[in-house]
Amino acid sequence: MADTPNPDIIYTKVDEAPELASASLLPIIENFASAAGITVGTRNISLAGRILAAFPECLTEAQRVNDDLADLGELVKSPDANVIKLPNISASGPQLEAAIRELQEQGHALPDYPSDPATDAEKDVRARYDAIKGSAVNPVLREGNSDRRAAAAVKSFAQNNPHRMGDWSSDSKTRVASMNGGDFRSNETSATLADAATAKIVLTGADGAETVLKDGVSYPAGTVVDATYMSAAALDSFLADEIEKTKAEGVLFSLHLKATMMKVSDPIIFGHAVKQWLKPVFDKFGAELDAAGVNPNAGLGALLERVSDKPEILAAIEAVRAERPPMYMVDSDRGITNLHVPSDVIIDASMPALIRSGGKGWGPDNKEHDAVCVIPDDSYAPVYDEAIKFFKENGKLDPATAGTVQNIGLMAQKAEEYGSHPTTFEIPADGTVRMELDDGTVLHEHAVQAGDIWRSASARKAPIEDWVNLAIERQKATGFRAIFWLDETRAHDAELIKYVRPLLEAKGVADKFEIMAPREATRASLETITRGENTIAITGNVLRDYLTDLFPILELATSAKMLSIVKLMNGGGLFETGAGGSAPKHVQQLQSENHLRWDSLGEFCALGESLKFLAEVHDNARARILGEAAEKATQGILDNGRSPSRKVGEPDNRDSHYWFARYWAEALAAQTDNPTLAEEFAPMAKALAENEAKITGELAAAQGKPADIGGYYHPDPEKLAAVMRPSATLNGIIG
Ligand SMILES: NC(=O)C1=CN([C@@H]2O[C@H](COP(=O)(O)OP(=O)(O)OC[C@H]3O[C@@H](n4cnc5c(N)ncnc54)[C@H](OP(=O)(O)O)[C@@H]3O)[C@@H](O)[C@H]2O)C=CC1
Ligand SMILES: O=C(O)CCC(=O)C(=O)O
Ligand SMILES: [Mg+2]
């Protein structure tokens with residue numbers, strides 16, 4: 001159940017590394033807030049929490065959990081919302097199944113994930129699990145558009161302490177490969193609805209038989225509705241070609257998708273790559289693989305498990321592997337390849353990391369190599385292609401002198417691909433897909449073949465207008481060069497431009513904005529920041545996601561330090577912590593050597609913003625003081641180099657929280673606006689300073705051995721607290 005009826009601030013309970021960090025940071029935040037009369041509550045949006053909330057009838061009374069995501073989904077539509085949102089798992093199939101297994105082992109009588117549902121009951125279970133898969137949280141909570149940028153202090157810290165960047169050489173063989181047709185980009189059609197409408201999506205087979213793929217999709221007037229498809233045949237031949245070309249070029253083969261956020265289309269594309277990679281095996285043993293329950297969309301890892309008792313198939317796989325180019329590795333020590341798990345390589349983080357390291361990826365030999373980066377759909381691939389060309393021509397970016405690229409992203413009300421999950425289909429038979437409105441108008445029509453991936457996405461008028469207005473506001477506040485990353489030759493973008501231009505004209509600011517296709521905008525932005533100047537990228541949803549990892553990773557080394565504000569359309573505030581994810585690798589490190597390298601700077605920044613928002617909206621003076629002091633503490637972390645180190649034995653996440661608490665208490669004790677608060681925090685500031693050696697010693701002593709947190713997806717709260725709060729002295733002072 002929700003723990004506090006109406007807390008001033010809601011802090012989300014999530015998964016993996018940020019959840020580990022919360023076990024140490026949240027008690028500090030709660031303590032400071034309560035001393036200032038501010039309530040902080042938590043809401044559980046973790047993968048495990050969402051699974052448990054979906055199956056109350058399978059659980060004992062004590063095991064049941066409230067559907068906090070549903071509650072939060074309502075809250076973000078109210079002006080009172082003040083939510084600090086940490087990154088959560090957007091689960092791929094294998095992750096969802098692993099989480100279910102772990103919960104079952106802990107004694108939760110959950111049903112297995114039905115891979116082939118036959119009965120109505122199984123279909124119901126499958127539908128409930130599928131709703132939890134992928135990006136199931138962010139589209140619900142993001143009821144506003146996105147404003148992501150590095151805070152001034154964070155940017156200047158990065159310029160003064162530039163991170164190491166890999167060198168780019170002009171003869172690097174690294175390149176991006178994307179389809180020359182037959183992809184989502186080239187098949188897209190788009191229309192803006194003059195009136196509100198309800199649509200159905202119908203497949204008419206070659207024999208005239210009609211299948212309704214989806215009925216009753218309703219749109220308000222002014223919605224931009226797109227439809228497109230990726231040809232399975234074109235995809236397969238592209239993949240087969242690129243595997244061959246990569247081999248000839250003597251570099252690594254890599255595939256970059258977003259199988260989490262694009263939870264329906266991208267796992268299918270991933271499955272095509274697995275099948276093409278192992279084509280001779282699928283050709284020869286197709287029936288046996290089917291019988292063994294192999295689903296290529298779940299990856300090579302799951303496939304190998306399914307055939308572990310079939311030596312003939314294993315030998316055939318080995319023979320194919322020997323013929324293939326070396327693959328880009330996720331973990332070369334453990335033999336985990338790019339194709340093992342669909343959620344291991346996620347394009348927004350993977351491509352920037354490769355570009356930051358000079359176009360290199362890890363190979364099976366545990367060494368860095370150039371790579372072919374396969375990004376099948378050409379809608380957004382040109383961004384990476386152009387960035388790679390730019391660095392080959394100009395050499396690496398210098399973070400000491402580079403300006404910044406900020407982002408204003410369209411995402412409210414499930415804009416663009418975010419809302420496409422219920423209207424994406426793997427086409428069962430050759431025919432024609434039509435999207436028909438209730439008045440009989442055929443809005444979109446595509447001739448398709450069995451296996452093609454057809455999808456429709458939409459963007460509503462109110463969010464589009466809000467997005468343009470947010471861009472105008474940010475441009476006015478900064479004076480930066482501002483570019484709408486829209487391609488007038490792409491169907492969807494052409495419809496958006498019809499909104500953007502008149503809105504800019506009406507506000508008299510058209511001369512302050514440029515409109516450029518992603519490729520040109522990438523080059524223009526890189527040229528701008530190379531000169532030490534700044535720019536705002538105003539983008540759709542997918543580029544919001546891609547760019548807010550790409551530029552931060554180049555400029556700051558990580559997107560974890562980003563300020564990520566969602567000004568909710570109905571007046572509330574959603575403060576996301578950084579622009580990165582939940583860093584699974586960090587959990588493994590904690591489990592093996594009790595060192596957590598997670599950097600909570602995103603949480604610190606979001607906390608400051610959330611408190612300042614509380615102060616403004618509720619005219620709460622103590623929240624303002626607490627927020628300003630939190631900002632000073634964040635500055636203290638940067639100025640004094642108190643961020644976590646990556647290596648065991650050196651200060652980690654827990655140490656940085658000690659320093660954050662100390663700087664926060666010191667700033668509160670030093671301020672003169674509210675002497676009562678100052679008096680309240682003075683003893684804590686003193687105790688934290690006096691016990692520095694003891695606390696850091698206790699924290700250091702905990703490191704260097706395995707840590708047991710009682711579960712990966714559903715850790716034991718007591719074990720987690722014991723691991724993450726190992727300093728009795730610090731705990732005594734914080735309370
Ligand atoms: N807002 C959200 O809810 C988001 C959720 N996700 C989800 O997160 C999971 C993992 O995604 P993935 O693509 O691997 O990306 P991540 O951003 O989690 O990880 C990529 C790498 O970024 C670095 N990193 C990220 N955050 C931090 C941090 N706070 N401190 C230090 N380093 C950090 C780490 O590098 P290193 O290992 O070198 O230290 C990490 O391995 C997926 O389930 C995904 O769906 C992803 C993005 C946003
Ligand atoms: O919603 C998701 O699955 C991931 C979101 C993400 O990567 C981001 O917002 O940057
Ligand atoms: Mg992202």
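Cut-offs applied
- Residues numbered from 1 in each chain as written.
- Chains lettered and ligands numbered in written order.
- Predicted model: local features only at pLDDT ≥ 70, side-chain atom pairs only at ≥ 80, totals over all residues.
- UniProt positions renumbered as here; feature names shortened; annotations may be inferred.
- Pairing = 2+ DSSP bridges.
- Helix = DSSP H or I, 4+ residues; strand = E, 2+ residues; numbered from the N terminus.
- Axes fitted to C-alpha atoms, helices over the stretch in contact; angles between N-to-C directions.
- Contact = placed C-beta atoms within 7 Å.
- Near = placed C-beta within 6 Å.
- Nonpolar A, V, L, I, M, F, W, Y, C, P; charged D, E, K, R; others polar.
- Domains from an automatic or database assignment.
- pLDDT = per-residue confidence, 0-100.
- Buried ≥ 20, exposed ≤ 12 C-beta atoms within 10 Å, placed from the backbone.
- Right-handed = clockwise from strand over helix to strand, strands pointing away.
- Parallel < 35°, antiparallel > 145°, perpendicular 65-115°, else oblique.
- Left-handed = near helix turned anticlockwise from the far one by under 90°.

As recorded by an unreviewed UniProt entry, the chain carries the name Isocitrate dehydrogenase [NADP] and is attributed to Roseovarius halotolerans. Here is the UniProt Catalytic activity (unreviewed entry) comment for the chain, exactly as written: "D-threo-isocitrate + NADP(+) = 2-oxoglutarate + CO2 + NADPH".

Ordered in space as E2-E1-E3-E24-E23-E4-E15-E22-E20-E21, the 10 strands form an open sheet in which the pairing is mixed. Of all the strands in the sheet, the pair left with one neighbour each is strand E2 (40-44) and strand E21 (513-516). Neighbour to neighbour, the strand axes of the sheet diverge by 20° on average, direction disregarded. Relative to strand E24 (residues 573-577), strand E23 (residues 563-568) runs antiparallel, the two sharing five bridges. In the sheet register, Val566 faces E24, and the bridge partner there is Leu574. With respect to the sheet, helix H1 (residues 16-35) is in contact with strand E1 (9-13) and E2, its orientation differing from that of E1 by roughly 165°.

Near ligand 1, the surroundings consist of 22 residues, among which Ser90, Ile346, Ala560, Gly580 and Gly581 are the closest. For the shell around ligand 1, a count of residues per class yields eight nonpolar, 11 polar and three charged. A domain split of the shell around ligand 1 shows at least three residues from each of domain 1 (9-143 + 570-734) and domain 2 (177-187 + 231-380).

If you check the domain split of the chain, you get domain 1 (9-143 + 570-734) and domain 2 (177-187 + 231-380). Each partner contributes to the interface: domain 1 provides 11 residues, whereas domain 2 provides 16 residues. The residue makeup of the side of domain 1 that touches domain 2, split by class, is one nonpolar, nine polar and one charged.

For the chain, mean pLDDT is 97; residues scoring 70 or higher make up 99% of the total. With a pTM of 0.96, the predicted complex shows an ipTM of 0.98.

Turning our attention to the UniProt feature "site: Critical for catalysis" (unreviewed entry) in the chain. Under the present numbering, the feature "site: Critical for catalysis" (unreviewed entry) in UniProt falls on Lys258 and Tyr418. Separation in sequence by 161 residues is not matched in space for these annotated residues, since their most distant C-alpha atoms are only 11.5 Å apart. Along the chain, Lys258 turns up in the loop between strand E10 (252-255) and helix H10 (265-277). Here Lys258 is in contact with Asp266, Ile346, Ile347 and Asp348, once residues within four sequence places are set aside. Mapped onto the elements of the fold, Tyr418 is located in the loop between strand E15 (405-409) and strand E16 (424-426). Of the residues examined, Tyr418 has 25 C-beta atoms within 10 Å and is grouped as buried.

A few words now on the sheet that holds strand E17 (residues 431-437). Strand order in the open sheet made by the four strands is E8-E7-E17-E18, with antiparallel pairing throughout. Each having just a single partner strand, strand E8 (210-219) and strand E18 (442-448) make up the two edges of the open sheet. Across this sheet, the average inter-strand angle for adjacent strands is 15°, counted without regard to direction.

What follows concerns the pairing of strand E20 (residues 481-485). E20 sits mainly inside the fold: five of its five residues count as buried. The pairing of E20 with strand E22 (residues 535-539) spans four bridges and is parallel. From the neighbouring strand, Phe484 faces E22, where its bridge partner is Ile538. Of the strand pairs in this sheet, E20 and E21 are connected by four bridges, and their pairing is parallel. Note on E21: the bridge partner recorded for Phe484 is Ile515. Between the parallel elements E20 and E21, the chain passes through helix H17 (residues 491-506) in a crossover that is right-handed.

A few words on the UniProt feature "binding site: D-threo-isocitrate" (unreviewed entry) in the chain. Under the present numbering, the feature "binding site: D-threo-isocitrate" (unreviewed entry) in UniProt falls on Arg148 and Arg544. On the basis of their most widely separated C-alpha atoms, the annotated residues across 397 residues gather in one place, lying no more than 8.6 Å apart. Within the fold, Arg148 resides in strand E4 (residues 144-149). Taking the C-beta count within 10 Å as the criterion, Arg148 has 26 such neighbours and is therefore assigned buried. In contact with Arg148, other than residues within four places in its own chain, are Asn407, Gly409, Thr548, Met562, Leu563, Ser564 and Ala579.

Attention shifts here to the packing of helix H16 (residues 461-478) against H17. Contact geometry for H16 and H17: axes closest at 10 Å, N-to-C directions at 45°. Overall, the two elements H16 and H17 adopt an arrangement that is oblique. Helix-helix and strand crossings are classified by hand; for H16 and H17 the assignment is right-handed. Residues Ile464, Glu465 and Val468 of H16 touch H17, and the partners they reach there are Leu496, Tyr499, Val500 and Leu503. Of the residues belonging to the contact of H16 with H17, the class tally is six nonpolar, no polar and one charged.

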